[in-house]
Amino acid sequence: MGLVRKVVCAMSGGVDSSVAALLLKRRGYSVIGVFMKNWDSLDENGVCSTEKDCEDAYRVCQTLDIPFHHVSYVKEYWNDVFCNLLNEYEKGRTPNPDILCNKYIKFNLFHKYAINTLGCDAMATGHYARTSLEDEEVFRQRRAAPPVTLFRDRFEIRKPVRLFQGADLAKDQTFFLSQVSQDALRQTLFPLAGLTKEFVRKMAAEAGFHHVLKKKEVTSMFTASSNHTIHHYCVSSFQYLEAKPGNLVSIEDGTVMGTHKGWFTLTLGQRARIGGQKDAWFVVDKDVLTGDVFVAPTTNHPALFRDTIRTERFHWMAVDPPPELARTQMLECHFRFIHQMPLIPCTVTLNMDGSLWISLSQTVRALTPGQFAVLYKSGECLGSGKIIQLGPTEHTLQQGRQRLQQSEPEAPG
Ligand SMILES: Nc1ncnc2c1ncn2[C@@H]1O[C@H](COP(=O)(O)OP(=O)(O)OP(=O)(O)O)[C@@H](O)[C@H]1O
């Protein structure tokens, strides 16, 4: 193998990927900056924000004196991500476009473009995340091994590459990377792995990237800090779905409280606007067959809380389930289904079909089908699986207990 030191840096025109490119260059790699266009969108002034971001990425490349390319995945994004979103909505689920974009576009098509078309040895992004290979590189770099050795090892190491949280836990983005393939992970560098956002901003200022520092935090097309945020961004997809109006039904006594324009416009835990009601009501369930959306009064109603979910076949970052799970069918680890939500201890059971039952140590509000259950153990992101089934809510359990008490025969005497 000849000298393998070419790296494509995915550049969004934001601070993080600009500093990622700067660090790669300082580490002695031959860097190519590439901007990806996934979506045609106009801001409130009718300006295409994608073009502005592309221009910003180009200016950073000029400052760094590295080549710049741009690629369009608008068609592929539409087919692989957007249509996937529409399908999920039709099933009554709330999807996560960011995770799907990383899986199908950035760490699939873009990865292939970097390796096969541009002939590079690796790709890099400005994500705050770390892989096990990065650790080994750091170890070797301490012994002053040249980059050529590092890359050769990268291809020759057989053991699976693992994904870890980066040094800045407040910016941890492993949640969004939890569906990425082993092949792509093996050939990806995360130059910001050991840095904090604060330090990255300082580096950007020192490097003269003032135009990217001035921007508001640039994010991928959708960045979701909560179920509702994702949902808000996805509203644009509703125009492509057939409106399916139905009733808003009280979970407490079955009373019809009002109507809705289509259940896909409502997600679990979201406030349902019901005319004539003094108090706030929240979506707790949907019946895809009848179109009924069930609602409950108060944001902390027991019908919103549950502690068990089932996922689709789970995607393990390291390909196979952890040995402990394969051996005993059980694993103690941590769970999150929303980016940056505090990790919750859980017990995981592996099913024959590769799906998981996840039992949480506490009830969680608005666990939502379509979202991804992401698992962590000691700072490692183990992977994720789409939530497809929910366990009983506190409300169902309370009702069950009441019925049981009512049906119990009176004690004799
Ligand atoms: N349009 C794009 N073109 C090329 N790469 C992109 C694009 N959007 C995102 N990326 C890559 O994905 C990484 C994560 O993007 P995301 O927007 O989720 O996070 P970010 O922390 O705001 O990153 P940045 O500050 O670089 O925009 C970016 O750092 C960049 O490497």
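Residues numbered from 1 in each chain as written. Predicted model: local features only at pLDDT ≥ 70, side-chain atom pairs only at ≥ 80, totals over all residues. Heavy atoms only, no water.

Quick notes on the UniProt feature "domain: tRNA-specific 2-thiouridylase MnmA-like C-terminal" (unreviewed entry) in the protein chain
Okay, so step 1: In the numbering adopted here, UniProt assigns the feature "domain: tRNA-specific 2-thiouridylase MnmA-like C-terminal" (unreviewed entry) to residues 306-387.
Okay, so step 2: Secondary structure within residues 306-387 divides into 7% helix and 56% strand; the distance between the first and last C-alpha atoms comes to 13 Å. (UniProt positions renumbered as here; feature names shortened; annotations may be inferred. Helix = DSSP H or I, 4+ residues; strand = E, 2+ residues; numbered from the N terminus.)

Points about helix 4 (residues 97-117)
Okay, so step 1: For helix 4, which comprises 21 residues, the first-to-last C-alpha distance of 26 Å sits more than 12% below the rise-based estimate of 30 Å (1.5 Å per residue).
Okay, so step 2: At Lys103, helix 4 shows its strongest bend, of approximately 30°.
Okay, so step 3: With a side-chain oxygen lying 3.0 Å from the backbone nitrogen of Asp98, the N-terminal cap of helix 4 falls on Asn96.
Okay, so step 4: One or two steps after helix 4, the chain reaches Gly119, where phi turns positive at roughly 65°. (Expected span 1.5 Å × (residues − 1). Bend = angle between axes of the 7 residues up to and from the residue. Polar contact = N/O pair within 3.5 Å; in protein donor to acceptor, adjacent residues only side chain to side chain.)

Here's the deal with the pairing of strand 15 (residues 330-336)
Okay, so step 1: Here strand 15 pairs with strand 16 (residues 344-350) via six bridges, running antiparallel. Across the sheet, the residue bridging to Leu331 is Val348, located in strand 16.
Okay, so step 2: With three bridges joining them, strand 15 and strand 18 (residues 372-377) adopt antiparallel strand pairing. Residue pairing across strands places His334 opposite Tyr376, the latter belonging to strand 18. (Pairing = 2+ DSSP bridges.)

What to know about the domain arrangement of the protein chain
When the parts of a complex come together, some accessible area is lost, and that lost area is often used as the size of the interface.
Okay, so step 1: The domains assigned to the protein chain are domain 1 (6-146 + 158-223), domain 2 (242-299) and domain 3 (304-396).
Okay, so step 2: Put simply, the middle of domain 2 and the middle of domain 3, counted by C-alpha atoms, are 27 Å apart.
Okay, so step 3: Taken together, the contact pairs nine residues of domain 2 with 10 residues of domain 3.
Okay, so step 4: Carbon and sulfur atoms supply 57% of the area buried between domain 2 and domain 3, which totals about 630 Å² over both sides.
Okay, so step 5: At the junction of domain 2 with domain 3, the criterion picks out zero salt bridges. (Domains from an automatic or database assignment. Contact = heavy atoms within 4.5 Å. Buried area = accessible area lost by both parts, 1.4 Å probe. Salt bridge = Lys/Arg side-chain N within 4 Å of Asp/Glu carboxyl O.)

Things to note about the environment of Thr290
Okay, so step 1: Inspection of the secondary structure assignment puts Thr290 in the loop between strand 11 (281-286) and strand 12 (293-297).
Okay, so step 2: With 43 residues separating them along the chain, Thr290 and Asn247 place their C-alpha atoms 8.9 Å apart.
Okay, so step 3: A polar contact is formed between the side chain of Thr290 and the backbone nitrogen of Asp292, at a distance of 3.2 Å.

Topic: the packing of helix 3 (residues 74-90) against helix 4
Okay, so step 1: As a packed pair, helix 3 and helix 4 sit with axes 10 Å apart at the nearest point and diverge in direction by 155°. Compared by their axis directions, helix 3 and helix 4 come out roughly antiparallel. As for how helix 3 packs across helix 4, the hand of that crossing is right-handed. Facing helix 3, whose interface residues are Glu76, Tyr77, Asp80, Val81, Asn84 and Leu85, helix 4 presents Pro97, Leu100, Cys101, Tyr104, Ile105 and Leu109.
Okay, so step 2: Looking at the contact of helix 3 with helix 4 residue by residue, the classes come out as nine nonpolar, one polar and two charged. (Axes fitted to C-alpha atoms, helices over the stretch in contact; angles between N-to-C directions. Parallel < 35°, antiparallel > 145°, perpendicular 65-115°, else oblique. Left-handed = near helix turned anticlockwise from the far one by under 90°. Nonpolar A, V, L, I, M, F, W, Y, C, P; charged D, E, K, R; others polar.)

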